[in-house]
Amino acid sequence: MVITLLATHYENQKMVAARRWRSLVCFLVKEGTQVFVVTPGVENNEYIGDSGEIIIVFKIPKRKKANNSDVSKIKTRKTIPSPFPYLDVSLITWLASIRDKRIHDCCSQSNILISTYGPSGAMLLGLWFSYKYKKPWVLDLRDSFQVPNSFGFNMLTKLNMFIEKRIVRKADLCITVGKTLAKFMRGKYQCDIKVIYNGWLDSDRLKLLGSQQEKSFYIYAGSLYQHQLASLKVFLLGLLAQKKHTLRIRLVKDYSGYLDEWLVENGFNDIVEIMPAILNKELQLEIESSLAVLVLEELTPNEWQKGTVTGKLFSLLVSGIPGIVICHPSVELYTLAQQANGWFCAHDKASAVKAIEYISVCNRDELNSNKDVFKGYQFSVQAKKLTQLFKGVINERN
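Within any chain, residue numbers begin from 1 and follow the written order of that chain's sequence. Selection of residues for local features in this predicted model requires a pLDDT of at least 70, selection of side-chain atom pairs for listing and counting requires 80 or more, and totals for whole chains, interfaces and linings are taken over all residues. With hydrogens and water excluded, all non-hydrogen atoms of the structure serve as input to the side-chain values.

1. Things to note about the packing of helix α4 (residues 101-108) against helix α5 (residues 121-133)
- Helix axes are fitted only over the stretch in contact, all axes being lines through C-alpha atoms; the angle between N-to-C directions runs from 0 to 180 degrees. Here a helix means four or more residues in a row that DSSP labels H or I, a strand means two or more in a row labelled E, and each is numbered from the N terminus. Relative orientation of the contacting elements α4 and α5 amounts to 60°, with a least axis distance of 10 Å. Every pair of crossing elements has a handedness; the one defined by α4 and α5 is right-handed. Seen from α4, the contacting residues are Ile103, His104, Cys107 and Ser108; seen from α5, they are Trp128, Phe129, Lys132 and Tyr133.
- All residues other than Ala, Val, Leu, Ile, Met, Phe, Trp, Tyr, Cys, Pro, Asp, Glu, Lys and Arg, Gly among them, are scored as polar; the first ten of these are nonpolar and the last four charged. Of the residues assigned to the contact of α4 with α5, the class counts are five nonpolar, two polar and one charged. Here a crossing is taken to be left-handed if its near helix is turned anticlockwise relative to the far helix by less than a right angle, and right-handed if that turn runs clockwise. In this description, contact between two residues means that some pair of their heavy atoms is separated by no more than 4.5 Å.

Given below as structure tokens:
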């Protein structure tokens, strides 16, 4: 079997979206599948990846550079979200793939084409290539389409729903990251959605360095979004009540736009240390030296947010390091984390205080059993499931 994956994020190993498909591709290749990966980059390139996949990088079109007089304007310019969630600026990038003969060659010889969403560019060009070469098309919907609240008026909502259904139903197979999100999408688009979790690898197992008494900080690693600030506040209120430890944030990107100011306004700046993102091996050492890891999600979720399962969850659950999850109990992530030994969930200050207390007394030896608890979520298992789904799609076409 030969497949071509069109993914906006693949080369940047710091990104959760890249980890999902890099890990799946590793085990798909072991299953005997030949994999081409098409992804945008700074320059045209082609090379063999770590797992034996052939990675085809097409050059991102150049954009006009701002002169010095425009820099301050750009920094203060408000980003206007698109009222059409299936159309974004990534489409401009991906249009360049149409002119690349290498991409046409790998798509034409593949049994299946796979697109990831979001952003939308890889999705729409994957659909285009599947039409051109009459190939089955698989759509990986990691998120539901979202319309910004400012564009939520009735006629636009109906138009977007009509177009979204048309796009999703064109796929021969739709997959997503969790059972709750799949259930929501089935109701929204009236089509079948299969589940392929962001799983874990044997290499995710870490070591506990030092005694619990010697450790002084909790750690959060990743980007922070506006909706996560409410969860962060709950945890920090619990931390203030305890008056012993601090939180270290290894920040990839601040999507809220005002994290520093928010910490000062809420009186948390003395117990939070914000540091830049670091390489994975260095981050692992830091996690091993921490009291516990912190996972933040939505406290007031809508239906699709209840299906949020962050891509790093299972790797953390089986890492051998304790953790705290802050989110609403209806979120699937909360339910999964509750099954793990040494992991504690909270949704308000009182439960956050208890979770912090539990971290200090939990039995570290029990954390070793989490690999057995989540055995079915390994990337190797998810890849076998995906292979069978691919074979089913091919058989239906034949």
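2. What to know about the packing of aromatic side chains
- Pairing of aromatic rings covers Phe, Tyr and Trp, the last counted by its six-membered ring, and requires centre-to-centre distances within 6.5 Å; plane angles under 30 degrees mean stacked, over 60 mean edge-to-face, and any other angle means tilted. Inspection of the entire model under this criterion finds eleven aromatic pairs.
- Relative to Trp94, the ring of Phe58 lies with its centre 5.0 Å away and its plane at 65°, an arrangement referred to as edge-to-face. Of the two residues, Phe58 is situated in strand β4 (residues 54-59) and Trp94 in helix α3 (residues 90-95); the sequence distance between them amounts to 36 residues.
- Ring centres 5.0 Å apart and planes at 80° place the aromatic pair Tyr197 and Tyr377 in the edge-to-face group. Residue Tyr197 is found in the loop between β8 (194-195) and β9 (217-224), and its partner Tyr377 is found in the loop between α14 (370-373) and α15 (379-397); the two are separated by 180 residues along the sequence. Like Tyr197, the residue Tyr377 is buried in the burial classification.
- The structure contains a cluster of three or more aromatic residues connected by ring pairs, namely Tyr197, Phe314, Phe374 and Tyr377.
- The ring of Tyr10 has Arg22 lying over it, and the distance from NZ or CZ to the ring centre is 5.1 Å.
- Here, over-ring charges are defined by two tests on the NZ atom of lysine or the CZ atom of arginine: distance to the ring centre within 6 Å, and angle to the ring normal within 35 degrees. Over the face of the ring belonging to Tyr220 we find Lys312, whose NZ or CZ atom lies 4.5 Å from the ring centre. Note on exposure labels: buried denotes an accessible area under 20% of the residue type's maximum, exposed denotes more than 50%, and partly exposed covers the range between, all computed with a 1.4 Å probe on protein chains only.

3. Quick notes on the pairing of β9
- Of all the eight residues making up β9, seven are buried; the element is thus mostly covered by neighbouring parts of the structure.
- Two strands form a pair only when DSSP identifies at least two bridges running between them. Here β9 runs beside strand β10 (residues 246-254); their pairing, made up of seven bridges, is parallel. Looking across to β10, one finds that Leu224 is bridged to Asp254.
- Whether a crossover is right-handed comes down to one check: with the strands pointing away from the viewer, does the path from the first strand over the helix to the second run clockwise; if it does, it is right-handed. For the crossover that starts at β9, traverses helix α8 (residues 229-242) and ends in the parallel β10, the hand is right-handed.

4. Regarding α8
- Between its first and last C-alpha, α8 extends 20 Å over 14 residues, near the 20 Å set by a 1.5 Å rise per residue.
- Residues of α8 that are buried include every one of Leu229, Ser231, Leu232, Val234, Phe235, Leu236, Gly238 and Leu239, and no others.
- The first or second residue beyond α8 is Lys243, which carries a positive phi of 60°. A helix is expected to reach a length of 1.5 Å times the quantity of its residues less one.

5. Some words on the pairing of strand β7 (residues 173-176)
- Of the two faces of β7, the one carrying Leu173 and Ile175 and the one carrying Cys174 and Thr176 are both buried.
- Pairing of strand β6 (residues 137-141) with β7 involves three bridges; the strand directions are parallel. Looking at β7, one finds that Val138 is bridged to Leu173.
- Bridging between β7 and β8 involves two bridges; their strand directions are parallel. Each residue of the ladder has a partner; that of Ile175, found in β8, is Lys194.
- For the segment spanning β7, helix α7 (residues 179-189) and β8, crossover handedness is right-handed.

6. Quick notes on the environment of Asn269
- Considering the arrangement of structural elements, one finds Asn269 in the loop between α9 (259-265) and β11 (272-276).
- Once residues lying within four places of it in the same chain are set aside, the contact partners of Asn269 are Leu263 and Val264.

7. Brief notes about the pattern of salt bridges
- A side-chain nitrogen of Lys or Arg and a carboxyl oxygen of Asp or Glu constitute a salt bridge if their distance falls within 4 Å. For the coordinates displayed, the defined rule picks out 16 salt bridges.
- Glu273 is paired through a salt bridge with Arg248; the nearest N and O atoms lie 3.2 Å apart. Note that Glu273 is positioned in strand β11 and Arg248 in strand β10, a separation of 25 residues in sequence.
- Classification of Arg248 by relative accessible area gives buried; the value is 17%.
- Of the charged contacts in the structure, one is a salt bridge between Lys306 and Glu303, with a shortest N-O distance of 3.1 Å.
- Overall, Lys306 belongs to the partly exposed group, its relative accessible area being 23%.
- Glu303 gets classed as partly exposed once you look at its relative accessible area, which sits at 48%.
- Among the ionic contacts, a cluster of salt bridges with common partners joins Arg248, Arg250, Glu273 and Glu286.

8. Points about the sheet that holds strand β2 (residues 34-41)
- With mixed pairing, eight strands are arranged side by side in an open sheet as β3-β4-β2-β1-β5-β6-β7-β8. The open sheet terminates on both sides in strands that have one partner only, identified here as β3 (45-48) and β8.
- By the bridge criterion, four bridges tie strand β1 (residues 2-6) to strand β5 (residues 112-117) in an arrangement that is parallel. Considered in β5, the bridge of Thr4 is made with Leu113.
- The strands that α4 touches are β1, β2, β3, β4 and β5; relative to β4, the one it contacts most, it runs at about 145°.
- Of the strands in this sheet, β6, β7 and β8 are in contact with α7, which crosses β7 at around 135°.

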